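# Observations on the model geometry
If you want the building blocks of each chain, they are given just below.
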Amino acid sequence: MTLALHGIAVSRGIALSRALVWDSALKDVPRNRIDKKSVRFEKKRFDNAVNRVTSELCELRANLTTESPAEFDALLNLHRLILEDPILSEEPKALIQSKLINAEWALLAQMEVLLEQFSSIEDEYFRERNADVRQVVERVLKSLRGHATSLPLPPEGDSEDPWLIVAHDISPADMVQLKGRRVGAFVTEVGGSTSHTAIVARSLGIPAVVGIRRALEYVHNGDLVVVDGKVGAIFLDPTQSVIDEYQRKQAILTLSRQRLKRLKNSEAKTQCGRRIELMANIELPEDVSSVVDVGADGVGLFRSEFLFMSRKEWPSEDEQFEAYRKVIKAMKGKPVTVRTLDLGADKTLQFDSANSPPASSNSALGLRSIRFSLSEPAIFLTQIRALLRASKYGPVKVLLPMLTNLQETQQALTYIDMAREQLLERRFQLGEPVPVGGMVEVPAVALSMPCFLKYLDFVSIGTNDLIQYVLAVDRVDHQVAHLYDPLHPAILRLVYEVIQAANKAQAPVSVCGEMAGDIRLTRLLLGMGLTQYSMHPAQLLDVKELLLKTDFDATQKLVKRIVRGFDPDKIEEVMRELLEE
């Protein structure tokens, strides 16, 4: 009988593959007491293991090719920096000596210390980095126990059917080793939409489902498994009827993807000719190639914090300028929207103490995003100067993250003017002032939109944070993930009111969160009056295809039935009609 296991859909697609199970080295770790005579030997054994893993990570980075997804380099560097943290690289040796315990035990104890630091971080991306800590520790544990640090890999070449990798989690180092192998899908027991498994799977276009609890208990090597990356489910021991159905869906999907490629140079228009702007989100300058490949109308969100996260010192103005210029020139006249630093106290985990910003007890509600930038004007001014210099090479917009009050907005604008004056004093030739917009991620801003629009040139709705702040739901926490609901009446009301306020003020408005790339919500947002979406490049052509088949007037009439009262039953009814349209 077919058994279905459900998780979080993070990369769409369908796979029918044999399972290759990767077990965890964190199971059954030996915990032994040692005598004083063994301390020196145990510390040496630990150092050798750390040095071996460090060398492997450096070698993997050095061997990356230009075809490798840009995320690989950043994630491998992140693992190296985690390994260099004294909490993991030095403190275990102190425990070995003071507690007289073996290296494995000492390493696990320090892993918990570091995980506790990560768990206090409210920012979704950085909170999910606790998985990276576990993966680094797991790699060192394998080395300590004399095991190969690499995992069993599928065969190379095209002669074998693609395999399904099933693991507790998959590290970037393991991902790199899968290059050239026949991999059909990824399934992990942990992770969320911003885990590295999700990021890399989307960049490779490979179906992936994460957060399937106890997957390793149910899936065994060689099992035939159906993976549905659209609904976030896997099917074990599938019957012939299930196999036939998914093979049919797979064939349809393959034809659909071939057809989608032909839409690259087509304008995104509804059936009545209403032009819709489809922008793309990027993390690193290297990601811009995928934006060009799908014919996006521009970069709607350049998450500039990724330029900082894998470093041990602040990037200089010239380094940032070169990164921004690379993206702007690659877009050849299409607009690039750069979000200023969206980080908080959590970056101290990677920066040297002398260069670290002041700590905050709670980075979601404390010193983060624009608050951090305004508290560190030298860092903020450096970034703005780099952006203004790069604007010479094409249209640039500056996006301020997590605004909460008008004082912050006014202060940020003052600093932007100051940066411009500083460049003029240094005799840089500058064009017209760049447009400055704000992220709508906090309910306070959404509820007072007209006030903010007096100061901002445009707004971008960050639905990921907005939903979490409104519903008090951490979507990465599997215990409450079912409560994370983009269709909650309060969410739809806020999104609608922001779009309406911006349209009334004739200010451009976009959605750049996960809602923008979810084709189930494309028509709903269109009916609310949204005409600019920004999403992962892999989602763009799917959204474009749907828009080309959409009747704008009919969609608006349907959505009007929702916005009159945002009744949950009415929302469900209209959503069914929108999906059937």
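On a predicted model such as this, the values are computed, not experimentally measured, just so you know.

### A few points about the pattern of salt bridges
In the structure shown here, the tally under the stated rule is 27 salt bridges. Note that D318 and R389 form a salt bridge whose closest N and O atoms lie 2.9 Å from each other. Remark: R389 occurs in helix 15 (residues 377-390) and D318 occurs in helix 13 (residues 317-330); sequence separation between them is 71 residues. For D318, a relative accessible area of 45% translates into the label partly exposed. Among the charged side chains, a network of salt bridges with common partners joins E317, D318, R385, R389 and R426.

### Observations regarding the confidence of the model for the chain
Of all residues in the chain, 86% have pLDDT values of 70 or greater, and the mean over the chain is 85. Within the chain, strand 14 (residues 458-461) carries the highest mean pLDDT (98), whereas helix 6 (residues 124-127) carries the lowest (56). When the criterion is pLDDT under 50, residues 345-350 qualifies, and its contacts beyond four places in sequence or with other chains add up to 24 contacts.

### Some words on the pairing of strand 13 (residues 436-440)
Most of strand 13 is tucked away: five of the five residues are buried. In terms of strand pairing, strand 12 (residues 396-400) meets strand 13 through three bridges, oriented parallel. When the sheet's bridge partners are listed, V398 is paired in strand 13 with V436. Since strand 12 and strand 13 lie parallel, the crossover through helix 16 (residues 406-425) that links them has a hand, and here it is right-handed. Bridge count between strand 13 and strand 14: four bridges; the pairing is parallel. Bridge assignment links M439 to a residue of strand 14, and that residue is S460.

### Digging into the packing of helix 13 against helix 15
Packed helices, taken two at a time, are described by the angle their axes make and the gap between the axes. At their nearest, the axes of helix 13 and helix 15 sit 8 Å apart, and the two run at 40° to each other. Taken together, helix 13 and helix 15 sit at an angle that is classed as oblique. By crossing handedness, the relation of helix 13 to helix 15 is classed as right-handed. Contacts between helix 13 and helix 15 pair E317, D318, Q320, F321, Y324, R325 and I328 from the former with T382, Q383, R385, A386, L387, R389 and A390 from the latter. For the contact of helix 13 with helix 15, a count of residues per class yields six nonpolar, three polar and five charged.

Here is what the cut-offs are and how they apply
Residues numbered from 1 in each chain as written. Predicted model: local features only at pLDDT ≥ 70, side-chain atom pairs only at ≥ 80, totals over all residues. Heavy atoms only, no water. Salt bridge = Lys/Arg side-chain N within 4 Å of Asp/Glu carboxyl O. Helix = DSSP H or I, 4+ residues; strand = E, 2+ residues; numbered from the N terminus. Buried < 20%, exposed > 50% of the residue type's maximum accessible area, 1.4 Å probe, protein only. pLDDT = per-residue confidence, 0-100. Contact = heavy atoms within 4.5 Å. Pairing = 2+ DSSP bridges. Right-handed = clockwise from strand over helix to strand, strands pointing away. Axes fitted to C-alpha atoms, helices over the stretch in contact; angles between N-to-C directions. Parallel < 35°, antiparallel > 145°, perpendicular 65-115°, else oblique. Left-handed = near helix turned anticlockwise from the far one by under 90°. Nonpolar A, V, L, I, M, F, W, Y, C, P; charged D, E, K, R; others polar.

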